[in-house]
Amino acid sequence: VQIRVQRHERFVRNGENIMEDITIDAFQAILGCKIPVNLPSGKTIELNIPRGTQNNSQFGITDEGFPRQNGTRGKYIAKINVKIPTILTNDQLNLVREIQKIKPINT
C-alpha cells in the first residue's frame, strides 16, 4: 500500500508542528499589528505582531499542531515574511527620507 499526502495550499508539516508563511508589509512590521489567522483546527485568532518584527520571525501557538504519542500536540508556527514596497510616490519617498534623517534605518 502506498500513501501519498498532497501538499496543502497554506500549511507545511514540520514534524509535529504546522507552519504557515504570513506576509505583512514593512509598515506593519515597523509599527506592529494584529493579523487574523485561521488555524488548522478551524479556530480564528488575532496574531499579535509586535513593533519591530523582523523578516523570518516566527510566532508559535501551543497545542495547534499534530498529535504526539503522549497525548499533547505540536505547535502552529507563523513565519513572518516582510514585504518591502517597490513602488512609492515621490511624497512617500520623501517621508521615508525624513524618517531616515531622524533615525537611520540601519541602527
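Just so it is clear, the structure is predicted and the values come from calculations on it, not from any experiment. (Residues numbered from 1 in each chain as written. Predicted model: local features only at pLDDT ≥ 70, side-chain atom pairs only at ≥ 80, totals over all residues. Heavy atoms only, no water.)

Draft legend 1. Spotlight on the overall build of the protein chain. Counting secondary structure elements, the protein chain contains 2 helices and 6 strands. Along its sequence from the N terminus, the protein chain presents helices and strands in the succession β-β-α-β-β-β-β-α. Taken over C-alpha atoms, the radius of gyration comes to 18 Å for the protein chain, far larger than the 13 Å a tight globule of 107 residues would show. With respect to the principal axes defined by its C-alpha atoms, the protein chain has extents near 60 × 25 × 25 Å. Looking at the protein chain residue by residue over its 107 residues, the buried ones come to 24%. Sequence separation of at least 24 residues holds for 45% of the intrachain contacts in the protein chain that already meet a minimum separation of 6. If you sum the accessible surface of the protein chain, you get close to 8500 Å²; carbon and sulfur atoms cover 51% of it. Mean positive and mean negative side-chain charge positions of the protein chain (15 and 10 charges, respectively) differ by 5 Å. (Helix = DSSP H or I, 4+ residues; strand = E, 2+ residues; numbered from the N terminus. Rg over C-alpha atoms; globule rule 2.2 N^0.38 Å. Buried < 20%, exposed > 50% of the residue type's maximum accessible area, 1.4 Å probe, protein only. Contact = heavy atoms within 4.5 Å. Areas by Shrake-Rupley, 256 points an atom, 1.4 Å probe, with all protein chains shown as cover. Lys, Arg positive; Asp, Glu negative; His and termini not counted. Charge placed at Lys NZ, Arg CZ, Asp CG, Glu CD.)

Draft legend 2. Region of the structure containing unusual backbone geometry. Although it is not a glycine, Asn 56 adopts a positive phi angle of roughly 70 degrees. Take Asn 56: it is sitting in the loop between strand E4 (44–49) and strand E5 (58–61). When its relative accessible area of 41% is taken as the criterion, Asn 56 is described as partly exposed. Non-glycine residue Asp 63 carries a positive phi angle of around 65 degrees.

Draft legend 3. Local environment of the packing of aromatic side chains. Under the defined criterion, the tally for this structure stands at 1 aromatic pair. Ring centres of Phe 11 and Tyr 76 lie 6.4 Å apart, and the angle between their planes is 85 degrees; on these two criteria the pair is classed as edge-to-face. On the criterion of sequence distance, the pair formed by Phe 11 in strand E1 (residues 11–14) and Tyr 76 in strand E6 (residues 76–83) is long-range, its members being 65 residues apart. Residues Phe 11 and Tyr 76 agree in their burial class; the two are buried. Note that Arg 13 overlies the ring of Phe 66, its terminal NZ or CZ placed 3.8 Å from the centroid. (Phe/Tyr/Trp six-rings, centres within 6.5 Å; stacked < 30°, edge-to-face > 60°. Lys NZ or Arg CZ within 6 Å of the ring centre and 35° of its normal.)

Draft legend 4. The arrangement of the nonpolar core in detail. Of all hydrophobic cores here, the largest spans 17 residues; its most connected members are Ile 22, Ile 24, Ile 35, Val 37, Leu 47, Ile 49 and Tyr 76. Taken together, the elements giving at least two residues each to this core come down to strand E2 (17–25), helix H1 (26–31), strand E3 (33–38), E4 and E6. By residue number, the principal contributor to this core is E6, which donates 4 residues. (Core = buried A, V, L, I, M, F, W, Y, C linked by side-chain atoms within 4.5 Å.)

Draft legend 5. Structural context of the sheet that holds E6. Strand order in the open sheet formed by 4 strands is E1-E2-E6-E5, and the pairing between neighbours is mixed. Edge positions in the sheet fall to E1 and E5, since each of these pairs with one other strand and no more. The sheet shows a mean angle of 30 degrees between the axes of neighbouring strands, direction not considered. Bridge analysis of E2 against E6 gives 8 bridges, and the strand direction is parallel. Among the inter-strand pairings, Asp 25 is bridged to a residue of E6, identified as Lys 83. (Pairing = 2+ DSSP bridges. Axes fitted to C-alpha atoms, helices over the stretch in contact; angles between N-to-C directions.)

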